[in-house]
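Architecture and fold: a report
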Amino acid sequence: MFQVDIIEKCRQNDRKAQLKLYNQYCDGMLIVAQRFVKNTMEAEDVVQESFIKAFTKLEQYKAEVTFGAWLKRIVINKSIDLLKSKKQRLVDIEDVQLKIVDEDNDWSVDNGITIDEVKTAIQKLSEKYKYVVMLYLIEGYDHQEISEILNISEVASRTQLSRGKGKLKELLNKKKNGTES
């Protein structure tokens, strides 16, 4: 059964098609949610709520992007909503390869800095910087996508990323120089 056929059947409330689509994407979406939400059970709840929202809003899916990309955006938004509602810190990043690209290509840090130190430093960022840094570095979204997800302007996304990057480097430099408490 082709993806388009499954989605069309889901639009018609075909439970078997919904289950097939759920089974196809649930593991990947759980990984995405766990990058943001600390508790595994809460991440599972986020995924469940995301699928419910996706199935109830399926008429809004226009196939301009893949279904997986559309669903991933819902999962990220639900994760951020949960974090905002609980004022929780972002989870540890599981050894993820950070996407180190930017307009000024200046994401470099001292080679002695470990991934755990980067994880800890990201967690210390204020929420507005943390979300943009996570979406940009970890999830690989561009500024237009980040602005849509966080409901901010692209200029705000660029500004918050730039400031977040500066704060992140500052935290990592303090760690490297041994001045961090």
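Structure's up top.
Presented here is an overview of the structure given in this document. (Residues numbered from 1 in each chain as written. Predicted model: local features only at pLDDT ≥ 70, side-chain atom pairs only at ≥ 80, totals over all residues. Heavy atoms only, no water.)

Among the nonpolar cores identified, the biggest contains 50 residues, and F67 and L135 are the most heavily contacted of them. The set of elements that each furnish at least two residues to this core consists of helix 1 (3-11), helix 2 (15-36), helix 3 (40-56), helix 4 (67-86), helix 5 (115-124), helix 6 (127-138), helix 7 (143-150) and helix 8 (154-177). Examining the composition of this core, we find that nine residues originate from one element, helix 6, more than from any other. (Core = buried A, V, L, I, M, F, W, Y, C linked by side-chain atoms within 4.5 Å. Buried < 20%, exposed > 50% of the residue type's maximum accessible area, 1.4 Å probe, protein only. Helix = DSSP H or I, 4+ residues; strand = E, 2+ residues; numbered from the N terminus.)

On to helix 7. For helix 7, the set of buried residues is H143, I146, S147, I149 and L150. One face of helix 7 carries all of its buried residues, which in axial projection span an arc of 165°. If you check the start of helix 7, you find a side-chain oxygen 3.1 Å away from the backbone N of Q144, and it comes from D142. Phi for N151, located one or two positions after helix 7, is positive at around 60°. (Arc of directions from axis to C-beta. Polar contact = N/O pair within 3.5 Å; in protein donor to acceptor, adjacent residues only side chain to side chain.)

Our focus in this paragraph is the side chain of H143. Within the secondary structure, H143 sits in helix 7. For H143, the side chain forms a polar contact with the side chain of S157, separated by 2.8 Å.

Moving on, we get to unusual backbone geometry. Positive phi outside glycine occurs at N13, with the angle close to 65°. You can see N13 is positioned in the loop between helix 1 and helix 2. Even without glycine at this site, N151 takes up a positive phi of about 60°. For N151, the position within the fold is in the loop between helix 7 and helix 8.

It is worth spelling out the pattern of salt bridges at this point. Side chains that differ in sign of charge can pair as their charged atoms come close. What the rule picks out here adds up to four salt bridges. Among the salt bridges present, the one from R73 reaches E148, with a minimum N-O distance of 3.0 Å. You can see R73 sitting in helix 4 and its partner E148 sitting in helix 7, a full 75 residues away along the chain. Here the salt bridges share partners, and the residues they tie into one network are R35, K72 and E139. (Salt bridge = Lys/Arg side-chain N within 4 Å of Asp/Glu carboxyl O.)

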